[in-house]
Each structure stands twice: as structure tokens, then as C-alpha cells.
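# Examination of the molecular architecture
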Amino acid sequence: MDIVIKNARIIDGTGNPWFKGEVGITGEKIVEIDKGVSTGGERVIDADGLIVTPGFIDVHTHSDATLLRDRSALNYITQGVTTNVIGNCGLSAAPLNKRTVKDLLTLVAPDFKGDPTEMWTSFGEYLDFLKFVGTAINVVPLVGHNTIRIAVMGVEERDPSEEELEEMRELTEQSMREGAFGLSAGLIYVPGIFTKTGELVELCKVVSKYGRIFTIHIRGEGDTGVQAIKEAIEIARRAQVPLEISHFKSEGKRNWGKAQERLELIECARSEGVDVTADFYPYTFALTFLHSLFPTWIFRDGLEAIPEKLKNPTIREQLREYFRLAGDVMGISGVEDWRNVVLSNPSNPKYRGKSVLEIAGKQEKDIVDTICELVQSEGLSLGILLLWMSEEDVDIIAKHPLTMVGSDGAVVTSPKEMIHPRYYGTFTRVLGYYVREKKLMCLEEAIRKMTSLPAQRFGLKDRGVLREGNYADCVIFDPGRVRDCATIEEPNRWSEGIEYVIINGAVVFEHGKFMGKYPGKILRKMVKKNY
Ligand SMILES: [Zn+2]
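Calculation criteria
Residues numbered from 1 in each chain as written. Predicted model: local features only at pLDDT ≥ 70, side-chain atom pairs only at ≥ 80, totals over all residues. Heavy atoms only, no water. Helix = DSSP H or I, 4+ residues; strand = E, 2+ residues; numbered from the N terminus. Contact = heavy atoms within 4.5 Å. Polar contact = N/O pair within 3.5 Å; in protein donor to acceptor, adjacent residues only side chain to side chain. Salt bridge = Lys/Arg side-chain N within 4 Å of Asp/Glu carboxyl O. Phe/Tyr/Trp six-rings, centres within 6.5 Å; stacked < 30°, edge-to-face > 60°. Buried < 20%, exposed > 50% of the residue type's maximum accessible area, 1.4 Å probe, protein only. Lys NZ or Arg CZ within 6 Å of the ring centre and 35° of its normal. Axes fitted to C-alpha atoms, helices over the stretch in contact; angles between N-to-C directions. Parallel < 35°, antiparallel > 145°, perpendicular 65-115°, else oblique. Left-handed = near helix turned anticlockwise from the far one by under 90°. Nonpolar A, V, L, I, M, F, W, Y, C, P; charged D, E, K, R; others polar. Pairing = 2+ DSSP bridges. Domains from an automatic or database assignment. Buried area = accessible area lost by both parts, 1.4 Å probe.

Along the polypeptide, E373 turns up in helix α13 (residues 367–378). Sequence spacing of E373 and P307 is 66 residues, and the spatial spacing of their C-alpha atoms is 8.7 Å. Among all residues touching E373, those that are not within four sequence positions of it are R316 and K365. Within the structure, E373 has its side chain in polar contact with the side chain of R316 (distance 3.2 Å). Looking at E373, its side chain comes within polar contact range of the side chain of K365, at 2.8 Å.

Going through the model one piece at a time under the given rule, you end up with 40 salt bridges. Between E231 and R219 there is a salt bridge, with its nearest N and O atoms 2.8 Å apart. Placement of E231 in helix α8 (residues 225–239) and of R219 in the loop between β11 (213–217) and α8 is noted, with a sequence separation of 12 residues between them. One salt bridge in this structure joins R320 and D366, with 2.6 Å as the shortest N-O distance. In this pair, R320 is assigned in helix α11 (residues 313–330) and D366 in the loop between α12 (356–363) and α13, connecting sequence segments 46 residues apart. One salt-bridge network, held together by shared partners, links R316, E317, R320, K365, D366, D369 and E373.

Quick look at the side chain of S390 now. Of note, S390 is situated in the loop between β16 (383–387) and α14 (391–399). Those residues in contact with S390 that sit more than four places away from it in its chain are W256, G257 and T284.

Before going further, it helps to examine the packing of aromatic side chains. Counted under the stated rule, the structure contains 10 aromatic pairs. Relative to F285, the ring of Y283 lies with its centre 5.7 Å away and its plane at 65°, an arrangement referred to as edge-to-face. Each of the two residues, Y283 as well as F285, counts as buried. On the numbers, 5.3 Å between centres and 75° between planes, the contact of Y322 with F323 is edge-to-face. A residue is classified by how much of its surface remains accessible, and F323, at 6% relative accessible area, is buried. An aromatic cluster is present here, built from F294, Y322, F323 and W338 joined pairwise through their rings. A cation over a ring is seen here: R9 above W18, with NZ or CZ 5.2 Å from the ring centre.

Another aspect to go through is the packing of helix α7 (residues 197–209) against α8. Here α7 crosses α8 at 45°, and the two axes come no closer than 8 Å. One element, α7, and the other, α8, form an angle in the oblique class. In the crossing of α7 with α8, the sense of the turn from one axis to the other is right-handed. Residues T197, G198, L200, V201, C204, K205 and S208 of α7 form the contact with α8, whose participating residues are E231, E234, I235, R238 and A239. Here the residues of the contact of α7 with α8 sort into five nonpolar, three polar and four charged.

This part covers the environment of S161. Relative to the assigned elements, S161 resides in the loop between α5 (145–153) and α6 (162–177). Between the C-alpha atoms of S161 and Q376, which are 215 residues apart in sequence, the distance is 39 Å.

Attention now goes to the sheet that holds strand β15 (residues 341–343). A sheet is described by the order of its strands in space; here three strands give the open sequence β14-β16-β15, paired in antiparallel fashion. The sheet terminates laterally at β14 (285–289) and β15, the two strands that pair on one side only. Mean inter-strand twist for the sheet, computed between neighbouring axes without regard to direction, equals 30°. Two elements, β15 and β16, share three bridges in a ladder whose sense is antiparallel. Bridge pairing links V341 to L386 in β16.

Bringing the pairing of strand β7 (residues 81–86) into the picture now. Most of β7 is tucked away: six of the six residues are buried. As paired strands, strand β6 (residues 56–58) and β7 are joined by three bridges and run parallel to one another. Looking at β7, one finds that F56 is bridged to V81. Where β7 lies against strand β8 (residues 138–141), four bridges are found, and the strand directions are parallel. Bridge pairing in β8 links T83 to N138.

Below, the discussion takes up the sheet that holds β11. The six strands lie next to each other as β9-β10-β11-β12-β13-β17, forming an open sheet whose pairing is parallel. Lying at the two open borders of the sheet, with one neighbouring strand each, are β9 (143–144) and β17 (403–405). Judged from the three bridges that link them, β11 and strand β12 (residues 243–245) form a sheet pairing that is parallel. Across the sheet, the residue bridging to T215 is E244, located in β12. In the packing of α8 onto the sheet, contacts are made with β11, β12 and β13 (276–280), and the angle to β12 comes to roughly 165°.

A separate point is the domain arrangement of the protein. The domains assigned to the protein are domain 1 (56–284 + 389–460) and domain 2 (288–387). Computed from C-alpha atoms alone, the centre-to-centre distance between domain 1 and domain 2 is 27 Å. Carbon and sulfur atoms supply 56% of the area buried between domain 1 and domain 2, which totals about 950 Å² over both sides. Summed over the shared surface of domain 1 and domain 2, the result is one salt bridge. The salt bridge involving D337 is made with K253; its shortest N-O contact spans 3.7 Å. For the interface between domain 1 and domain 2, the tally reads zero residue pairs in polar contact (both at pLDDT 80 or more). Along the lines of polarity and charge, the residues of the side of domain 1 that touches domain 2 split into four nonpolar, four polar and three charged.

Structure (C-alpha cells):
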């Protein structure tokens, strides 16, 4: 054997209690799990006092582009994550169309100068490219509805014609044939925001034919949350497709205390035979752009026009009126609520970690003048943390048996990026804070939510459980020490207590050191039947 892990407490990922034993690895696979596995390993890891589990599968990431820039994925490896599901919230890196690729770039990477269509256009070509780059972690790709819609009809605010819908169906089908594990949607982003339910039902019928999954960032997570969950369930019911509701929450002060009733919608759908699950990140605050709080009419003449527009006193007056009316829906109805909107990555250090309310108070300005001037001086990429969820709601969602863990992060490529602490700390936070400190659930249950549940959900048959014959993705950690260290002020700090990370049989992380190995696989869902 190449590696024998000895004296460990084994948590196999199924939710069953830990047991003592040894794990033997040969090549990329686990070959033996037992008591008294022969000790004749090339390498013996003594895991006395430690826990060994399957590698963590992060069901909700946006690493599609950033993995190409930093293939080591250190922010994930250091928290025990060995697999990223990419292409979430309707946005994948493929398929692309030369004619409309600019529309996609303006939305997701306005600073990017090159032309990605020179590297790939189809979904399969993108996966080939990723494979050529070679990553440390495994990748499970989804194809995004927004990306497909942009490829066919740009960012136009209208329904597709019959031909355009057919073209979208074909791109969905082609992506399934080229290895996509499912289709994702993001209905608060352009152009998902223009999309009616029926269009998604049509595309999900293709997903259903291939036995894949549909994941969705629903149309609203605040006041319109119930309606939005019902729409997602309706799509799943009509298209007969398994559904994963992404980053499940109940946001905005007026919706605190409603997590339970929202989860009951899922339970109820399941009892009627609709296969629905959800994922969550273990934090009470969200990350977005300050400009995303603005009304859509401000974006009509393009992003470049916005700073100039914000100087106009008439527009400021209209914005005041907008926030008076819509602020309620966003959970920032009163001036006081702007205390919960905290700047995340301002270039001016005096704003760091400060709330909009504090900044307005210091400058003796009203809220609208303050945010307009912040966007002007800091640019459109200014990020905010919204202290939007109640701890009780997050707890209820976290411990529900139908939820799994997803960071809603991405591979981090530079310490200057706008990030949320969840990019570095999601999984270790569940283990340290939720399991050990708050005792919300037992360790075995938390591990199930990070391993076998996501593996089953996304159709990974040979990962997510420590079992002979499966790929050797393993994490070895100290249950007494494991914890997240990333905070709002220092979101890039590595976690503690993760001792070893093994991916496809290769040790990639050991006692706080990245080993410079890239054994990750770009996984593709294979077509079994002839459709
Ligand atoms: Zn999302």
C-alpha cells in the first residue's frame, strides 16, 4: 500500500458513528478499511487522537474562472475541501458565443481584457482547458442558465422566441452530453431576472432526461422568499428534476424567525414526491456589491454611466424615494438599519469594517448622499457585508437533515479580492463553532452534510464515503482544535486543526503546508444510455 492511516477514529461520511481502524490507500483509491490493516505501507500516517473523514465536497462555489488563475485552491484545501461544485447561480464559464461574450464579461468580469472564446466556446472545451491547467482539487461542473441565455440572446429583457428557446435547449443538451452534472439558475441576476418560470421548465426537461440536477438561486430570499421557493418547487415538479435550493436563508429583519416555515415547504414537496434539498453557509451575513442595492433603472445606460448619474441631484432625489419604498423589502427601511450594511473592501482604509450609518454620521450626510459618494470614490466593485440573517434561523437551517454545506465562495487568487470569511472558513466553522461549541449537531451528522449527502445529490458514486474501492479523498483533523479563523476584518486567514488533506491518493496538505501537488480531477457526468 502507498499510504496507511493508523490509529484514527474513522467517520465514514454516512452519518454512522465513528469507529477505530486503519485506512489503506493504493494509487488513487482506498483499498482497505479495517482493524489491523497490514502496516506495510510506503508511508504510515499515525492519526492517533485525530479523525479521518472523506474529503469535503463544497456544493456551492463560483471557482469557474478563478481556478484558471490559481489552481492550488488553498482557501479550500486549508478547510478540508477536496471537491468544488462550480457553475452555480446561473453563471458558468461556458458555453460562450463570440457575438455575445462581451455581455457576459461586462456582468461578471468587467476588468477582464482578453477574449475567452479564443480558449473555449463549448462546455466540453472549457472542461478540457481546465483539465489542461491541472488543479489541486476535484471539480464538479454545472452549466449556468444565465450563461446559456446570454450565448443565445445576450442580456435582452424579453422572452426568447421559439427558435431561441430551441437553441437554449440544444446548448443545455450539448452541455449535458459533454459532462455537466446539472443546470443552475440565478434569478436575481441579469438575465435570469428577465426569465419566466416556463422557460426554466423547458430547459429542466432536458436536465431531467439526462438524470441530472437543477440548482437555483431563487428569485428572492427576503420578503418574497416563500413565493420564490414555491416557484423553484414548481419547476422541479413540472420538469420532474431533482432540485437543490442554493444558500437557503430567510433574510431581512422582517423575515427573521421564518426559517422553519420555509423549510417546511421543502418537506411538504418531498412528501408529494418532489425531490428537493438545500444548502447553506454558516454565517448570519451576506456579501454583495453596494451598487446591487440600487434600482435596476440606474443600470439602463450601462455600468460606465453610473458614477456620472449619481452626481445628478434629481437622480439622488429619486434614489431617496426608491429607498423609502423598497428599503422595506431589502430590510433596510429605517436609517438605523444601515448599521447592518458594512463595507467589505474599501480602498480607503478609514472605511474598512465601517457601516454606512457610521460613515454617514461622521461626514454628517444623509444615507443616499453617502452611498452615492462611496460608489463614486471607491468604484462599482465596492463590496458590502449585509448583516441580514438571524442566528436562530441559520441554526435551524444548518441542523435540518435535508441541508448540506456550501461556501458560496470561490478560489481566492489575491489577498486584495473582495471576499467574505466563508471563502476560507465555511467547513471548519461548522466543525468548530456549530459542532464543538454550540453542539448544534453531532460530528458524524456534520460530516454527512459535507460528504455523502452532496455526493449522492450530485451523482458522485465513488466519492463522499470512506469505502473500499472509492477514490482516496480524505481529511484528517483534530476534533478538539479544528476551527475557522477568517473574520470580517481578516477574511483570508487559514483555518486551524486540519492536519492532512489527501486528494485522489496524493497528500496535498500536511501540517499547515501545501505540498505543491495537483491531483484534482475535472469530473464529467457520463451519458449512459443512447437518448
Ligand atoms: Zn447565489
